[in-house]
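What follows is each chain in one-letter form.
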Amino acid sequence: MTNPEPLDEREARRQFVRRRQKMVFTIAVCALVVIMIVASLVIFGTVGRSTKESKVVKPNYGVSLPCPPQDSKLVNHPDIRIRVLNGTSKSGLGTAVAAALRNRGFNMQGVGDYPNKTETARTEIRFGIQGIDRGYTVATQFNDAIMIMDDRSDDLVDVIIGATFNDLNDEDKSSTVGKDIEGIKGCVADPASMKDLPKAPKA
C-alpha cells in the first residue's frame, strides 16, 4: 500500500491566501451594505424631520403680515365684503366657495377667475391696511390659507382659491364673532412700515 503524496506546500499556501481573501472580501461587502442602509435611514429621516419642522417654524407659511389692530375682535360676517377668485384649473370651484361663504353670512361681492398664467398653489386671503381685522376673520374659515396684505385702500377682502384647497373649516370650529383676534407669531406691529406691498388683484 502506498502513502498519498504530501500536499505541495506552495499550493497549500495559495489555497490559504485565496480563502483569506474571500473572507476579507465578504466581510467588506457586508460592512458596505450595512453602512449604505444606515446612511439611507439617516438621510431620509433627516429630510422628513426638516420638512415637518419647516412647517412649524414658519408662521403664515413664511409670508410677512401685519399684526391685528390693538384690542380688535373677529368681525361680524355681514360687515365683511368678500370677493372670491378661482386660482385653480377646476371650473366652478370659485362659485362653490362663494356660495358656502354666503351661507355663512358674508357679504359677497362677486366671483371671478384669478388673472394669473399659473395655478395658485395655496389659497390666499388678500386684504388692505383698512381691512386687517377682516382679513384675520376670513382666514379663520380656512385651514391652509396664506394671509397677504396688498396695496388696496378699501376694506374688500379677496379670497384666491388655491390648488391645496379642500373645504372650509367646520362652522363650529371657525370664527366666533366678537372673540379677540390673536396675532400670528412674528407679525409686524406697525402695518404702515410694510413697504413694497403686492398689487391688489384685478378680476
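Cut-offs and rules
Residues numbered from 1 in each chain as written. Predicted model: local features only at pLDDT ≥ 70, side-chain atom pairs only at ≥ 80, totals over all residues. Heavy atoms only, no water. Helix = DSSP H or I, 4+ residues; strand = E, 2+ residues; numbered from the N terminus. Buried < 20%, exposed > 50% of the residue type's maximum accessible area, 1.4 Å probe, protein only. Contact = heavy atoms within 4.5 Å. Areas by Shrake-Rupley, 256 points an atom, 1.4 Å probe, with all protein chains shown as cover. Pairing = 2+ DSSP bridges. Right-handed = clockwise from strand over helix to strand, strands pointing away. Phe/Tyr/Trp six-rings, centres within 6.5 Å; stacked < 30°, edge-to-face > 60°. Lys NZ or Arg CZ within 6 Å of the ring centre and 35° of its normal. Disulfide = S-S within 2.5 Å. Polar contact = N/O pair within 3.5 Å; in protein donor to acceptor, adjacent residues only side chain to side chain. Axes fitted to C-alpha atoms, helices over the stretch in contact; angles between N-to-C directions. Core = buried A, V, L, I, M, F, W, Y, C linked by side-chain atoms within 4.5 Å.

**Notes on the overall build of the protein**
Reasoning step 1: The helix and strand inventory of the protein stands at three helices and five strands.
Reasoning step 2: Each of the 203 residues in the protein was classed as buried or not, and the buried ones make up 34%.
Reasoning step 3: Of the contacts formed within the protein by residues at least 6 apart in sequence, a portion of 80% connects residues at least 24 apart.
Reasoning step 4: Carbon and sulfur atoms form 55% of the exposed surface of the protein, whose accessible area is close to 13400 Å².

**Remarks on the pairing of strand β4 (residues 146–149)**
Reasoning step 1: The side-chain alternation of β4 yields two buried faces, one formed by I146 and I148 and the other by M147 and M149.
Reasoning step 2: As judged from the four bridges shared by strand β3 (residues 124–127) and β4, these two strands associate in the parallel manner. Opposite F127, over in β4, you have M149 as the bridge partner.
Reasoning step 3: Note on the crossover from β3 through helix α3 (residues 132–139) to β4: the handedness is right-handed.

**Section: the side chain of D158**
Reasoning step 1: Tracing the backbone through its elements, the reader meets D158 in strand β5 (residues 157–161).
Reasoning step 2: If we skip the residues at most four places from it in the chain, D158 touches R83, L85, E124, I125, R126, R152 and P201.

**Describing the packing of aromatic side chains**
Reasoning step 1: The full count for this structure, using the stated rule, is one aromatic pair.
Reasoning step 2: Geometrically, the ring pair formed by F142 and F165 is tilted, given 6.0 Å between the ring centres and 55° between the ring planes. You can see F142 sitting in the loop between α3 and β4 and its partner F165 sitting in the segment after β5, a full 23 residues away along the chain. Exposure class is identical for F142 and F165. Each is buried.
Reasoning step 3: Looking at R122, its charged tip hangs above the ring of Y61, at a distance of 4.1 Å from the centre.

**A word on the state of the cysteines**
Reasoning step 1: One pass over the full model with this rule turns up one disulfide.
Reasoning step 2: Paired by a disulfide, C67 and C187 hold their sulfur atoms 1.9 Å apart. Note on the C67 and C187 pair: the S-S dihedral is about 95°, so by sign convention the disulfide is right-handed. Placement of the pair is C67 in the loop between α1 (9–56) and β1 (81–86) and C187 in the segment after β5, with a sequence separation of 120 residues. For the pair C67 and C187, a shared accessibility class is recorded, and that class is buried.

**Structural notes on the side chain of T137**
Reasoning step 1: With respect to the helices and strands, the residue T137 is situated in helix α3.
Reasoning step 2: A polar contact of 2.8 Å, which involves the side chain of T137, links it to the backbone oxygen of D133.

**Description of the environment of S64**
Reasoning step 1: When you line up the elements, S64 lands in the loop between α1 and β1.
Reasoning step 2: Put simply, S64 and I148 are 84 residues apart on the chain and 7.6 Å apart in space, counted from C-alpha to C-alpha.
Reasoning step 3: With near-sequence residues (within four places) excluded, S64 lies in contact with V188 and M194.

**Some words on the sheet that holds strand β2 (residues 107–113)**
Reasoning step 1: Ordered in space as β2-β1-β5-β3-β4, the five strands form an open sheet in which the pairing is mixed. Only two strands of the sheet have a single neighbouring strand rather than two, namely β2 and β4. Direction aside, the axes of adjacent strands within the sheet are offset by 20° on average.
Reasoning step 2: Pairing of β1 with β2 involves five bridges; the strand directions are parallel. Bridge pairing links R81 to N107 in β2.
Reasoning step 3: Running over the sheet, helix α2 (residues 93–103) touches β1, β2 and β5 and is turned about 160° from β1.

**Thoughts on the nonpolar core**
Reasoning step 1: Membership of the largest hydrophobic core comes to 31 residues, with the highest contact counts inside it found for I82, V84, L101, I125, V138 and F142.
Reasoning step 2: If you list the elements that add at least two residues to this core, you get β1, α2, β3, α3, β4 and β5.
Reasoning step 3: V138 has contacts with I80, I82, F106, I125, V157 and V159, leaving out every residue within four places of it along the chain.

In short, geometric facts, not functional conclusions.
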